[in-house]
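# Residue-level structural notes
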There are 2 protein chains.
Amino acid sequence: MTGTLYGVGLGPGAPDLMTLRAARLIENAKVVAYPTLAGGSSFARAIAADLIPASAEEIVMDVPMTTAREPAQAAYDAGALRIAAALETGQDVICLCEGDPFFYGSFMYLFARLSTRFNVQIVPGVTSVTACAASAKRPLVARNERLTVLPGPLPEPELRARIDAAESVAIMKVGRHLAKIRSVLDGLGLTERAVYIERASLPEEVVLPLAQAPDNAPYFSMILLTKGSDPWL
Amino acid sequence: MTGTLYGVGLGPGAPDLMTLRAARLIENAKVVAYPTLAGGSSFARAIAADLIPASAEEIVMDVPMTTAREPAQAAYDAGALRIAAALETGQDVICLCEGDPFFYGSFMYLFARLSTRFNVQIVPGVTSVTACAASAKRPLVARNERLTVLPGPLPEPELRARIDAAESVAIMKVGRHLAKIRSVLDGLGLTERAVYIERASLPEEVVLPLAQAPDNAPYFSMILLTKGSDPWL
């Protein structure tokens, strides 16, 4: 009997925005796995830190900080081998994932490598999109409205076209793309309808009208945009 | 001192997909509020049932089953009055919301009525979108992919155009719109890339290739569609 690989969503950052299922799995973990970025600390591990048993084995996947695909994929190759070895001995492995495992999560790289050979269970988590809406107190979508989620690194012409055609918009991974996104929204006359959120749900959370956003945005920042007038009364 | 209104996301249906924060608020609730549909039972209350204290006051908003806007809005008017009365006495009110309060949730009708007069806190929840992806074991979006969320009731030409222009798509509220959506996806040659999920995370959950979906879909059903080839290896 091989073990089960659990891809466990931890939510946006506040430990109590983890699900009950995630908490129970982590509390009982024999083996946990998570990525770190370029030898730094792991945000996923930090969210779960208070629940990880001291006796748990920890499989750390150190992912190099580069936009090139191959070095990162080599790190997931190596991590998948170590996870597979634990699963082969019958151990379950709890993979810690920021947000939701299947929503811009690195877990899907492990899923692609291991799901054909092992039982994999996904525990969905609260995404940064709804966490940011909650922090900003901005309803995202109601009734028959459409929501478009766009990554900030998209090229400027594509961002412009996609935002112009959309209704409610969440722009993820703003970071160093903030100036480009500002320019697009200014050009579309939408800056006043946009809100900037960084590190949603954490103590250092920031919520500001886009016009007041800082010039240097961290990777974990988002812009929410709603075009309609308030239709909820 | 007036009380605080909490809009509490409960997740997709499985009680243990509620967040730790939601569970703690409900366990300590003095007043809970939730909608029922046309005198029927409340899905939100059912998710939270095991945690609601027997002593808690329950404010039930009975929402008539109609696509007309006015009768439903009258029900939220009446509910908002009762919630306001409790808040005025200094009681906190825990409003139970399926999924996430700001993601196609009826809570925003209460938010629109009460947030200018009272302190409102939103507790984000796991949405049906990521819960369906977890159940179907289908990654939603990675890297710089875009996600478009579309409500099934949209008119056929708009659905077709939006799906044609999109990359990853989640179609919500499928229900009686299934035949129309099937026709759109067939026409676009996308049926084989689509998966049908109903009642995600509940014991009666169904996950099927779209081609095998039943003719009569419940309201809580979704279609997920990814166009790209698997880019995760």
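For the structure, check the block above.
Note that the coordinates shown come from a computational prediction; the quantities given were computed from them, not determined experimentally.

### Describing the relation of the copies chain A and chain B
Rotating chain A by 180° about the axis while translating it 0.0 Å along that axis superimposes it on chain B, leaving an RMSD of 0.0 Å. Here the symmetry operator amounts to a two-fold rotation axis. An overlap of 100% is found between the interface residues of chain A and their copies at the interface of chain B, pointing to a shared contact surface.

### Things to note about the packing of helix α6 (residues 156-165) of chain A against helix α7 (residues 178-187) of chain A
Residues and elements named next belong to chain A. Close contact between α6 and α7 brings their axes to 10 Å; oriented N to C, the two are set at 40°. Overall, the two elements α6 and α7 adopt an arrangement that is oblique. Handedness of the crossing formed by α6 with α7: right-handed. Taking contact as the criterion, the partners of E156, L159, R160 and I163 in α6 are, on α7, K180, I181, V184 and G187. Partitioned by chemical class, the residues of the contact of α6 with α7 number four nonpolar, one polar and three charged.

### Section: the interface of chain A and chain B
Every contact between the two is made by 47 residues of chain A and, on the other side, 47 residues of chain B. The set of elements that each furnish at least two residues to the side of chain A that touches chain B consists of α1 (20-27), α4 (107-114), β5 (119-123), α5 (128-136) and β6 (147-151) of chain A. Of the residues contributing to the side of chain A that touches chain B, the split by class is 31 nonpolar, eight polar and eight charged. Strand direction decides the pairing type here: β6(A) and strand β6 (residues 147-151) of chain B, joined by three bridges, are antiparallel.

Rules used in this analysis
- Residues numbered from 1 in each chain as written.
- Chains lettered and ligands numbered in written order.
- Predicted model: local features only at pLDDT ≥ 70, side-chain atom pairs only at ≥ 80, totals over all residues.
- Least-squares fit on C-alpha atoms with pLDDT ≥ 70 in both.
- Contact = placed C-beta atoms within 7 Å.
- Axes fitted to C-alpha atoms, helices over the stretch in contact; angles between N-to-C directions.
- Helix = DSSP H or I, 4+ residues; strand = E, 2+ residues; numbered from the N terminus.
- Parallel < 35°, antiparallel > 145°, perpendicular 65-115°, else oblique.
- Left-handed = near helix turned anticlockwise from the far one by under 90°.
- Nonpolar A, V, L, I, M, F, W, Y, C, P; charged D, E, K, R; others polar.
- Pairing = 2+ DSSP bridges.

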